[in-house]
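# Chains, contacts and geometry: an overview
Residues per chain are reported as follows:
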Amino acid sequence: QVQLVESGGGLVQPGGSLRLSCAASGSIARINAMAWYRQVPGKQRELVARFTIGGSPMYADSVKGRFTISRDNAKNTVYLQMSSLKPDDTAVYYCNLKTYPTMTTMNDYWGQGTQVTVSS
């Protein structure tokens, strides 16, 4: 079974920085893609940043130039470096892992979420 464990959330002032981490463990298919989503109460979960299957990073327009997604393949860990944080970035951030054990099968895994609050 695959598990995702997130860490790094917290309270930060506007303009500040935080780094989120997500460590994946278990039997992970070789072809996979990791991503970060976020959700605020009453709204749909939205994609923040992701790696494509080919390993290219992609970002939501709202975070381009401020957030950076990276990964350490040896540790099966993905990071989200968040800078120039704004109050609108306040949300629960979720790590997501999609695995493709076959060409027609996709498995979707989620972390438990970590709260990020941007406030003075």
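Scroll up to find the structure this text is about.
Residues numbered from 1 in each chain as written. Predicted model: local features only at pLDDT ≥ 70, side-chain atom pairs only at ≥ 80, totals over all residues. Heavy atoms only, no water.

For the rest of this paragraph, the subject is the sheet that holds strand 1 (residues 3–7). Reading across the sheet, the 4 strands line up as 1-3-8-7 and stay open at both edges, with antiparallel pairing between neighbours. The sheet is open, and its two borders are formed by strand 1 and strand 7 (67–72), each paired with just one other strand. Recorded for the sheet is a direction-independent mean angle of 15 degrees between the axes of neighbouring strands. As judged from the 6 bridges shared by strand 7 and strand 8 (residues 77–82), these two strands associate in the antiparallel manner. Residue phenylalanine 67 lies in a different strand from strand 8, and its bridge partner there is methionine 82. (Pairing = 2+ DSSP bridges. Helix = DSSP H or I, 4+ residues; strand = E, 2+ residues; numbered from the N terminus. Axes fitted to C-alpha atoms, helices over the stretch in contact; angles between N-to-C directions.)

Moving on, we get to the packing of aromatic side chains. Following the criterion strictly, the structure yields 1 aromatic pair and no others. Measuring from centroid to centroid gives 5.0 Å for tyrosine 37 and tryptophan 110, while their planes differ by 65 degrees, and the two rings are edge-to-face. Highlighted residues: tyrosine 37 in strand 4 (residues 32–39) and tryptophan 110 in strand 10 (residues 105–110), separated in sequence by 73 residues. With relative accessibility at 17%, the residue tyrosine 37 sits in the buried group. It is arginine 45 that lies over the ring of tyrosine 94; its NZ or CZ is 3.7 Å from the centre. (Phe/Tyr/Trp six-rings, centres within 6.5 Å; stacked < 30°, edge-to-face > 60°. Buried < 20%, exposed > 50% of the residue type's maximum accessible area, 1.4 Å probe, protein only. Lys NZ or Arg CZ within 6 Å of the ring centre and 35° of its normal.)

Let's shift gears to the state of the cysteines. Counted according to the given criterion, the structure contains 1 disulfide. Each sulfur of the disulfide joining cysteine 22 and cysteine 95 lies 2.1 Å from the other. Measuring the twist about the S-S bond at about -80 degrees, one finds the cysteine 22-cysteine 95 disulfide to be left-handed. Here the residue cysteine 22 occupies a position in strand 3 (residues 18–25), and cysteine 95 occupies one in strand 9 (residues 91–102), the gap between them amounting to 73 residues. The two residues cysteine 22 and cysteine 95 agree in class, both being buried. (Disulfide = S-S within 2.5 Å.)

Glancing now at unusual backbone geometry. The phi dihedral of asparagine 76 falls on the positive side, at around 50 degrees, and the residue is not glycine. Within the secondary structure layout, asparagine 76 lies in the loop between strand 7 and strand 8. One non-glycine residue with positive phi stands out, namely serine 84, at about 50 degrees. Relative to the elements of secondary structure, serine 84 occurs in the loop between strand 8 and strand 9.

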